[in-house]
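The chain contents come next:
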Amino acid sequence: MPIQYYIALASALFCIGVVGVLTRRNAIIVFMCIELMLNAVNLLLVAFSKMHYAKAAAAGAVTTAGTEGQLFVFFIMVVAAAEVSVGLAIIVMMYRNVHSVDVNFLNRLKN
Amino acid sequence: MNKLVYLVPLFPLAGFLINGLLRKSLSKGIIGFIGSAAILASFVVSLVLFFQVKGSGAAIPVEPLFTFINADTFKIDFAFQVDQLSSLFLLIITGVGFLIHVYSAAYMHEEPEQHVGRYFAYLNLFVFSMLLLVMGANYVIMFIGWEGVGLCSYLLIGYWFKNNDYNYAAKKAFIMNRIGDLGFLLAVFWLLSKLGTVSFNEVFPQVSRLTPTDITGITVLLFVGAMGKSAQIPLYTWLPDAMAGPTPVSALIHAATMVTAGIYMVARSNALYSLSEVAQHLVAIVGIATALLSATIAIKQNDIKKVLAYSTVSQLGYMFLGLGVGAYTGAVFHVMTHAFFKALLFLGAGSVIHAMHHEQDIRNMGGLKKHLPATHWTFLLACIAISGIPPFSGFFSKDEILAAAYAHSPVYWVLGVIGAAMTAFYMFRLYATTFLGQFRGTHEQEHHLHESPKAMTIPLIILAVLSVIGGMVGVPEVLGGHHELHAFLAPVLTTETHHEISHSTEYALMGISVAVAAVAIFIAVSKYSKKPELGEPAGFGKVLADKWYIDELYNNIIVKPLGALAGVLKNVVEKSGIDGAVNGVGRFVKYSARQLRLLQSGQVGGYILFMVLSIVVLFLLFWNQAMITQFLNKIF
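In this text the structure is predicted, and so the values were computed from the model without any measurement.

Enquirer: Quick question: what am I supposed to make of the overall build of chain A here?
Expert: Looking only at helices and strands, chain A features 3 helices and 0 strands. Helices (α) and strands (β) of chain A occur, in sequence order from the N terminus, as α-α-α. Principal-axis analysis of the C-alpha atoms gives chain A an extent of 60 × 25 × 25 Å. Of all 111 residues assigned to chain A, the portion counted as buried reaches 11%. Across chain A, every contact between residues at least 6 apart in sequence was considered, and the portion connecting residues at least 24 apart equals 51%.

Listed below in structure tokens is the structure:
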């Protein structure tokens, strides 16, 4: 499959994520949209990694080209997992305190 | 031996520092003693120097103290020089200065202690500056002294600083002097740019290198300086107002020494002045005009010090007349004799004011002859001396100037004699109104009338002796003298004009001027001893009493337009222009800050939207970089 397809899919996912973060008020949905953006980036990284490896292999050498992309993906997944656990904990605490998960409700530090 | 020269200004400087710094802890007696002793020490050293110069007939060589200004091509040393002219001035300044210091110690004893300290500190600083002025070996050092005496004059006129009129008089004197100083400074710059040096020893031999325009420009500008310092038309109005200061100050600064600085400077620069006809005519015309104008004003003044002040302006005019017609020795001679009798007159007036408890209006005096015998006799001698009656000192010096003026142009002589007649008239009007007739003050004043203490009368007596015999150093040859002063000053005043007048003419000139003065004295005494004018003057007399309305004229044509201009600048340019711009910037920043603040709404979504939009814009810019660069290149 050509690389453009992957790019198009990742861009579409990323834009959905951005729009979701901007428009939705439910903290959990906002959270999910962030995950969506992260995974769009992951998809791109993996796709480019594969592309570079294919190019180097086609040249006929035993190569490690494109490994960095895969490595970054692991990092992102780990960080995302950690972030989700902290973020969900915050959301739970927030729900306990204000009985709501509406992000617009959380503007009390204003002024 | 020439290290001795440094001592002359050092003593007054030390006196200034001690009295100035310790004014709160020293007693009045000690302050007066230190102040007077410093000047006496200077006087003794000056005497030694004077006889050294007189004996050797040459200037004392003095090493420069240090380099004052060193800038690439020119170098100005902080250097002194003591030659015939400056040694004579040293004697006048320290000698008369010492007597006035002694007198002051008694005159000021009613003042509170720290004010006496301040007074003597200023007085010593004045003497120091004046010594710097006459001892400087170049125009820059002279200018330092020139400014210093102006400052001290300001400080001492405003000595009673709680009186606003006095402060106003002090400011007036300072500003008038500053106008003149500007001329002096420009002349120094001009000299520096043309010759690259301001040292007297280097400038005068090189005058031939200057073009006539340069010489005229420099001398006229220097004379502007002299106009300010020596109170000549048009800058003379500060001197009568300067009488706000204590009377000994008037005697020292505004009669005997500071105001003669202009004469000294012109006499010192005689090599320059003699090469410029224009400048010489200007000096002579301004001099005689000032002499006549102020003499007319003096006739109708009723304040004892004002009469003397206008008389000083008038006598300074005579000196400038002498300088203008090339009689430099005559002018310096008149400076010397004038220092004696004018200091005496002022100190005598101080003694009268002291006895009358600060009454200065001569209409309230009269008949003081029997109450103040010492003051009366010394004052009378001074009046005779200033009127030019032989063989008193004023006769010789004034006669020398008048003879030189006659040789130059008889018109000057006629005007000079008219001035001399007026001088004799107003001096004896003052004398007769003050000392003769009946006492016209209050009973209380009459009861308290007393002769001044010894510390005041002894300086009066010494000055009276000098006023009487001071002329003997310059007896002209026609009267069988040798004119020693002339021979003494000849090495410095090299360009003196020598007039050849026949002896018979000279006798006639003397005879006429003495006769005119004698008649004026007779009229004044007979008119005012019995029936002094007590009322307000009317008609032309009022014009004279109001000083020809010159002050009002200056006020209207200079002070008021300047005030109006300042008002416009303050109210229009400053308030709406500059303030508007400054406050406008402030208001704009405040306004835009208030508007921008609204962006910070506290809605996280809004922030993220801005972030996303900014990133999108950045991407667009990045992709279109080439296009944007091209576009910018097209514009700029």
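Moving on from the coordinates now.
Enquirer: Sorry if this is basic, but what is going on with the interface of chain B and chain A here?
Expert: Reports often express the size of an interface as the amount of accessible area lost when the parts come together. The partner chain A presents 7 residues to the 7 residues of chain B that form the contact. Within the side of chain B that touches chain A, the residues separate by chemical class into 4 nonpolar, 3 polar and no charged.

Enquirer: Help me out: how do you make sense of the domain arrangement of chain B in this one?
Expert: As assigned here, chain B comprises domain 1 (276–535), domain 2 (546–598) and domain 3 (603–636). Between domain 1 of chain B and domain 3 of chain B, the C-alpha centre-to-centre distance is 92 Å.

Enquirer: It is not clear to me how the packing of helix α4 (residues 113–135) of chain B against helix α5 (residues 139–157) of chain B should be interpreted in this structure. Could you clarify?
Expert: The relative placement of two packed helices comes down to the angle between their axes together with the axis-to-axis distance. Residue and element names in this part refer to chain B. At a closest axis distance of 7 Å, the pairing of α4 and α5 adopts a crossing angle of 155 degrees. What the angle tells us is that α4 and α5 run roughly antiparallel. Crossing hand, α4 versus α5: left-handed. In this structure, α4 contributes Tyr 122, Leu 125, Phe 126, Ser 129, Met 130, Leu 132 and Leu 133 to the contact, and α5 contributes Ile 141, Met 142, Ile 144, Gly 145, Trp 146, Gly 148, Val 149, Cys 152, Leu 155 and Leu 156.

Enquirer: Would you take a moment to explain the environment of Ala404(B) for this structure?
Expert: All names here are of chain B. Along the chain, Ala 404 turns up in helix α17 (residues 393–408). We classify Ala 404 as buried; it has 28 C-beta atoms within 10 Å. Taking C-alpha positions, Ala 404 is 6.5 Å from His 499, a pair spaced 95 residues apart along the chain. In contact with Ala 404, other than residues within four places in its own chain, are Gly 322, Val 325, Gly 326, Ala 327, Gly 330 and His 499.

Enquirer: Before we go on, may I ask you to explain helix α3 (residues 67–98) of chain A in this structure?
Expert: Owing to its 3.6 residues per turn, the α-helix brings residues three or four apart onto one side. Residue and element names in this part refer to chain A. The end-to-end C-alpha distance of α3 is 46 Å, a good match for the 46 Å that 32 residues give at a rise of 1.5 Å each. Burial within α3 is sparse, with just 0 of its 32 residues counted as buried. His 99, located one to two residues past α3, shows a positive phi value of around 55 degrees.

Enquirer: Quick question: what am I supposed to make of the packing of α5(B) against helix α6 (residues 164–195) of chain B here?
Expert: All names here are of chain B. The contact between α5 and α6 brings their axes to 8 Å, and the two run at 175 degrees. Classified by the interaxial angle, the pair formed by α5 and α6 is roughly antiparallel. Note on element contacts: α6 touches α5 through Tyr 166, Ala 169, Ala 170, Ala 173, Phe 174, Asn 177, Asp 181, Phe 184, Leu 185, Val 188 and Leu 191, opposite Tyr 139, Val 140, Phe 143, Trp 146, Glu 147, Gly 150, Ser 153, Tyr 154 and Ile 157. Its residues placed into classes, the contact of α5 with α6 shows 15 nonpolar, 3 polar and 2 charged.

Conventions we followed
Residues numbered from 1 in each chain as written. Chains lettered and ligands numbered in written order. Predicted model: local features only at pLDDT ≥ 70, side-chain atom pairs only at ≥ 80, totals over all residues. Helix = DSSP H or I, 4+ residues; strand = E, 2+ residues; numbered from the N terminus. Buried ≥ 20, exposed ≤ 12 C-beta atoms within 10 Å, placed from the backbone. Contact = placed C-beta atoms within 7 Å. Nonpolar A, V, L, I, M, F, W, Y, C, P; charged D, E, K, R; others polar. Domains from an automatic or database assignment. Axes fitted to C-alpha atoms, helices over the stretch in contact; angles between N-to-C directions. Parallel < 35°, antiparallel > 145°, perpendicular 65-115°, else oblique. Left-handed = near helix turned anticlockwise from the far one by under 90°. Expected span 1.5 Å × (residues − 1).

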